[in-house]
Amino acid sequence: MMLKKITSLACTLLLISGCSRRETPVQIGNREQILHRNAGSEPKDLDPQTTTGGVESLIQDALFEGLVAWEPDDTDPHPGVAERWDISDDGTVYTFYLRPNARWSNGDMLTTHDFVFSYQRLFSPALGAPYAYMHYVIKNAEEYTKGDITDFSQVGVKALDDHTLQFTLKAPTPYFLRLVRDRSAYPVHPATILKFGKIDEPNTKWTHTGNLVGNGPFMLEYWQTNRKIKTVKNPYYWDAKTVRLKEIHFYPIEDVTAEERAFRTGQLHITKETPSERIQFYRQNHPDLIRLDPLLGTYFYELNTTKPPLDDVRVRQALAMALDREQIVKHICKAGEPAAYNLTPPDTAGYTSRAKIEYDPAKARKLLAEAGYPNGKGFPKMEILYNTHKAHMGIAEVIQQQWKEALNIDVELLNMEWKTYLAMKQEHKYDIARASWIGDYIDPSTFLEMYITGGGNNNAGWSNKNYDALIQAAGSEMDQVKRFELFQQAEEILMMEAPIIPIYYYHNKALVQSSVKNWMPNPLDRHPYKYVYLEADE
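Residues numbered from 1 in each chain as written. Predicted model: local features only at pLDDT ≥ 70, side-chain atom pairs only at ≥ 80, totals over all residues. Heavy atoms only, no water.

Caption draft 1: Representation of the pairing of strand β15 (residues 432-438). Burial analysis of β15 places five of its seven residues in the buried class, the great majority of the element. Bridge count for strand β12 (residues 294-303) against β15 is seven bridges, and the pairing is antiparallel. Looking at β15, one finds that tyrosine 299 is bridged to serine 436. Two elements, strand β13 (residues 382-387) and β15, share two bridges in a ladder whose sense is parallel. What sits directly across from leucine 385, in β15, is alanine 433. (Buried < 20%, exposed > 50% of the residue type's maximum accessible area, 1.4 Å probe, protein only. Helix = DSSP H or I, 4+ residues; strand = E, 2+ residues; numbered from the N terminus. Pairing = 2+ DSSP bridges.)

Right, dumping it as structure tokens:
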């Protein structure tokens, strides 16, 4: 197995450097406008409506565009496929006006009917879209997704004509413009979806090489599994004149040491991360190459509450209280990441949670004893599931040791590649799993809505009626003070019930070559490729 992994990695790096010895891919890319970026793993799929990972998102952003788009230097909504929009006085009706020159990558006209089809697919019960719940602010979206109604014409998404699209919401939603910018709201090409399956059929071949039709600034040329995804400039993109890059090549390098080496030797323009042991080197010697910017995200562990003994809140609280997060961020992370004692990062749109999971090993031991495991006696062996990554392994090893020392319990470590890891979490075939969440927009709801009952990203299988009611009430509350108070109460329940264990808040740790221009820091780490270009240093 180890030989196979090393061989595969060697092949990947050889593929990247398939050029003359005198010039590196970065040097050639600078001249030819070809960007080389590491995605960090092999993507599960490129379907924007059925995927949730950052690996997939950074590729999908090249292939698709929503009604509202990103700008390089801020996170406010800007016109995308829609050139403008109107909002009703009561904040419940949004009308978008599509650009008449918007096209799909095969040249087809992009119309409002394509968006209606896409939302019908997103809310189709059989598709099981993990982000469907996030759009329940749309009238009757939840009812359609849950099968309570079957007539999609009752859902608040209407094509008034070929270029006028109207949304009717259940209640005013201040962040709706940011919501329609999310990748789950990207349009999908109806004819392509239906060519390879039904509207609600997941995991078809529509995203494969030669099949995918998108509407973004780039289009898929080929996808070589475990090697490379190559995208090329889309000549039909409505704003093609702004796009300066000719190609973007994405690589699935999981080993952060190999990734950093590829960057250092001119194989990559942009890495996903920086090895923790190399952060100080870049800080001291190449501060212009390392991006250590705050990121609106949280690294945490999910506990499978559908399995004993993790169905006992006392066990979950004990595990959470026995964790010394400060040691983890000091010895493993090393990029200034703050320890996390709740889910939502501080000052998210002005919201800071008052709920905290305290570090209290003595109380943790008492709780574990009350649950029937005094000094860890009789506690079943469990596994920590994580996807392949040096830092994930390091954190798991520290937590394994901390739980042994504080609670006298044994846990084993289970490393899986990205696709298997995702499947095991979604199917609840795990005990404890590494998890993370980067905000889709800047609002507490992007974090707290994850753990509503039956939510597509609630891999903990946790359910609490009071929590659900508070999140639902916050969704229709226009008074910001009252809305944030509802979130405060919800997060207090979440931390008390402990289906998750927050560990730290993210910092971006990417390496970016100086030749990459218009790659601006922002708290959501979104970088619209249409504005990026390459310029070799003199």
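Anyway, onward from the coordinates.
Caption draft 2: Highlighting the nonpolar core. In this structure, Ile138, Phe167, Tyr301 and Trp403 are the most contacted members of the largest nonpolar core, which totals 152 residues. Residues within four places of isoleucine 138 in sequence aside, it is in contact with Tyr119, Phe123, Val155, Gly156, Val157, Phe167, Thr168, Leu169, Lys170 and Phe176. Within the second largest apolar cluster, seven residues are counted, among which are Phe263, Ile279, Ile290 and Ala335. (Core = buried A, V, L, I, M, F, W, Y, C linked by side-chain atoms within 4.5 Å. Contact = heavy atoms within 4.5 Å.)

Caption draft 3: Molecular detail of the environment of asparagine 203. The topology assignment puts asparagine 203 in the loop between α7 (190-195) and β8 (218-224). A relative accessible area of 61% places asparagine 203 in the exposed class. In the structure, asparagine 203 is positioned 157 residues away from leucine 46 in sequence and 9.8 Å away in space, judged by C-alpha atoms.

Caption draft 4: Looking closely at the side chain of serine 515. By secondary structure assignment, the location of serine 515 is in the loop between β17 (510-511) and β18 (516-517). Setting aside residues no more than four positions away along its own chain, serine 515 makes contact with Asn30, His269, Tyr533, Leu534, Glu535 and Ala536.

Keep in mind these values describe shape, not function.
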